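# Results of the structural survey
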Amino acid sequence: MGQEVASILAGKGWKIGVAGRREEKLKELQQLFPQNIEYQVIDVEKENAPEHLLSLIDKIGGMDLYFHGSGVGWHNGELDLSKELKTVSTNALGFTRMVDSAWHYFRQKGEGHIAVISSIAGVKGLGPAPSYSATKSFDNTYIQALAQLSRSSGLKIRFTDIRPGFVDTPLLDTSKHHYPMLMDQKKVARKIVRAVERKKRVAVIDWRYRILVFFWRLIPNCIWERIKL
Ligand SMILES: NC(=O)c1ccc[n+]([C@@H]2O[C@H](COP(=O)([O-])OP(=O)(O)OC[C@H]3O[C@@H](n4cnc5c(N)ncnc54)[C@H](OP(=O)(O)O)[C@@H]3O)[C@@H](O)[C@H]2O)c1
């Protein structure tokens, strides 16, 4: 989804810095928009990630929007510990490392916009994806905390928390599992860009998932914990 969002914004004339671990993917994207895209290999799990983010910001001449799309996740009903820990390391620790670095940059600059892709999975603990749902809930809460902190500190930093339902991307193993209401990533990317441009605080994508989330929240925990997903 990050790649699609970057392509849309570059197509609109934004100057974009893209990052991830796989250099070949970043290079491919950069070659599609050679005037508008710079890249930097960044692994959000590594302690040097904030330094690399600052070099990328230098390459593009400054930053107005930080967009965080990195994340991993698995169906992990068997509770494979390595998958659980990798998810926490990327979606919670890596997320905090990068979002905090962007926040410090914007604090110094005096303004900015931080947009993240979390998920509707953060609404409830999900048995088949324990660390995934827990880390997405962490992301939701963390952004809310930073929004409050920024306002109370008089900082003009805006926040957008994007919460998609199932999207057909490599993150989901569609050969092994069935995902209802699966969405096309190009369509989702357009909705994400619209939410970012409007600086929406929270954007659940799409309307069907907004209804689903509304009902999920109404289910008491004592009933939720008896549901087999
Ligand atoms: N697909 C869905 O149904 C769905 C639904 C709701 C939310 N989301 C969330 O949307 C976000 C994007 O996922 P996606 O569905 O687009 O899956 P994806 O195609 O697998 O994208 C995940 C991205 O995260 C990057 N990434 C993973 N680990 C990283 C690390 N340690 N350092 C830097 N980058 C890293 C990957 O790039 P490299 O591998 O090159 O590092 C890749 O670009 C994730 O946070 C995911 O949880 C997905």
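Here the structure is a predicted model, which means the values were calculated and not measured.

## A look at the layout of surface pockets
Of the volumes computed, that of the second largest pocket is approximately 240 Å³. Residue lining of the second largest pocket: Lys191, Arg194, Ala195, Arg198, Lys200, Val202, Ala203, Val204, Ile205, Asp206, Trp207 and Arg210, and that is the complete set. Listed by contribution, the elements that provide at least two residues to the lining of the second largest pocket are helix 6 (185-197), strand 6 (202-205) and helix 7 (207-218). The leading source of residues in the lining of the second largest pocket is strand 6, at 4 residues. Residues belonging to the lining of the second largest pocket are distributed by class as follows: 6 nonpolar, no polar and 6 charged.

## Quick word on the site of the ligand
Looking at the ligand, there are 26 residues lining it, with Arg21, Asp43, Tyr132, Val167 and Thr169 nearest. A distance of 2.8 Å separates an oxygen atom of the ligand from a polar side-chain atom of Arg22. Val167 places a main-chain nitrogen or oxygen 2.7 Å from an oxygen atom of the ligand. For the ligand, whose accessible area on its own is 870 Å², the fraction buried by protein is 89%. Classifying every residue of the shell around the ligand gives 12 nonpolar, 9 polar and 5 charged.

## Observations regarding the pairing of strand 1 (residues 16-20)
Because side chains alternate across strand 1, one face comprises the buried residues Ile16, Val18 and Gly20, and the other comprises Gly17 and Ala19, none of which is buried. For the segment spanning strand 1, helix 2 (residues 23-32) and strand 2 (residues 37-41), crossover handedness is right-handed.

## Concerning the packing of aromatic side chains
When we look at a pair of aromatic rings, we describe it by the centre distance and by the angle of the planes. Throughout the structure, instances matching the rule amount to 6 aromatic pairs. On the basis of an interplanar angle of 85° and a centroid distance of 6.5 Å, the ring pair of Phe95 and Tyr142 is categorised as edge-to-face. Taken together, the positions of Phe95 in helix 4 (residues 81-109) and Tyr142 in helix 5 (residues 130-152) put the pair 47 residues apart, joining distant regions of the chain. No difference in accessibility class separates Phe95 from Tyr142, as the two residues are buried. Through pairs of rings, three or more aromatic residues link up here, namely Phe95, Phe138 and Tyr142.

## So, helix 2
Residues of helix 2 that are buried: Leu26, Leu29 and Gln30. Along the axis of helix 2, the buried residues cluster in a sector spanning 100°; they form a single face. Opposite the packed face of helix 2, turned more than 90 degrees from it, sit the exposed residues Gln31 and Leu32. In this structure, the buried side of helix 2 is in contact with helix 1 (2-11), strand 1 and strand 2.

## Things to note about the pairing of strand 3 (residues 65-68)
Both faces of strand 3 are covered, namely the face carrying Leu65 and Phe67 and the face carrying Tyr66 and His68. Looking at chain direction, strand 3 and strand 4 (residues 111-117) are connected through 4 bridges and run parallel. If you follow Phe67 over to strand 4, its bridge partner there is Ala115. At this point the chain moves from strand 3, through helix 4, to the parallel strand 4, and the crossover so formed is right-handed.

## Details of a positive patch on the surface
Residues Lys187, Arg190, Lys191, Arg194, Arg198, Lys200 and Arg210 make up a contiguous surface patch of positive charge. For the positive patch, the leading source of residues is helix 6, giving 4 residues. Inspection of the secondary structure puts Lys187 in helix 6.

## Details of the sheet that holds strand 3
The sheet built from 4 strands is open, its strands ordered 3-4-5-6 with parallel pairing. The open sheet has two free edges, formed respectively by strand 3 and strand 6, since each of these has just one partner strand. Within the sheet, the average angular offset between the axes of one strand and its neighbour, ignoring direction, is 15°. Strand direction decides the pairing type here: strand 5 (residues 156-164) and strand 6, joined by 4 bridges, are parallel. Bridge pairing in strand 6 places Ile162 opposite Ala203. In the packing of helix 5 onto the sheet, the strands contacted are strand 4 and strand 5, and the crossing angle to strand 5 comes to about 160°.

Cut-offs and rules
Chains are numbered independently. Their residues run from 1 in the order of the written sequence. The model is predicted, so local features are restricted to residues of pLDDT at least 70 and side-chain atom pairs to those at 80 or more, both for listing and for counting; the totals for chains, interfaces and linings are taken over all residues. Here the side-chain values reflect all heavy atoms present in the structure, with hydrogen atoms and water set aside. Any residue with an atom within 4 Å of a point lines the site, the site being either a cavity, points on a 1 Å grid over the protein atoms alone where a 1.4 Å probe fits but cannot get out, or a pocket, an open set with protein on both sides within 12 Å along at least 5 of 7 lines. Grid points are joined across faces, edges and corners, and a volume is the space filled by probe spheres set on the points. Put simply, DSSP marks the helices as runs of H or I at least four residues long and the strands as runs of E at least two long, and each gets a number from the N terminus on. Residues are grouped as follows: Ala, Val, Leu, Ile, Met, Phe, Trp, Tyr, Cys and Pro are nonpolar; Asp, Glu, Lys and Arg are charged; all remaining types, including Gly, are polar. When we say a residue is near a molecule or strand, we mean one of its heavy atoms is within 4 Å of it. Here a polar contact is recorded for every N or O atom pair within 3.5 Å, except that within protein the pair must consist of a potential hydrogen donor and a potential acceptor, and residues adjacent in sequence are included only if both atoms are side-chain atoms. Surface exposure here means Shrake-Rupley accessible area, sampled with a 1.4 Å probe, where a residue is shielded only by the protein chains that are shown. Throughout this description, buried means an accessible area under 20% of the type-specific maximum (1.4 Å probe, protein chains only), exposed means over 50%, and partly exposed covers the range between. Assignment of crossover handedness uses the view with strands pointing away from the viewer, where a clockwise path from the first strand over the helix to the second indicates a right-handed crossover. Centre distance within 6.5 Å is the pairing criterion for rings of Phe, Tyr and Trp, where only the six-membered ring of Trp is used; planes under 30 degrees apart are then read as stacked, over 60 as edge-to-face, and the remainder as tilted. The arc in question is formed by the directions pointing from the helix axis toward the C-beta atoms. Residues are treated as being in contact if the distance between any of their heavy atoms lies within 4.5 Å. We treat two strands as partners when DSSP finds at least two bridges between them. The patch calculation keeps residues exceeding 30% relative accessible area without a salt bridge and links them within 9 Å when they carry like charges or within 5 Å when they are nonpolar (Val, Leu, Ile, Met, Phe, Trp, Tyr). Salt bridge criterion: a side-chain nitrogen from Lys or Arg within 4 Å of a carboxyl oxygen from Asp or Glu. For the purpose of charge, His is not counted, nor are the chain termini; Lys and Arg are scored as positive and Asp and Glu as negative. Where a charge lies is defined by one atom per residue type, namely NZ (Lys), CZ (Arg), CG (Asp) and CD (Glu). Here the axes come from fitting lines to C-alpha atoms, over the contacting stretch only for helices, and the angles between their N-to-C directions go from 0 to 180 degrees.

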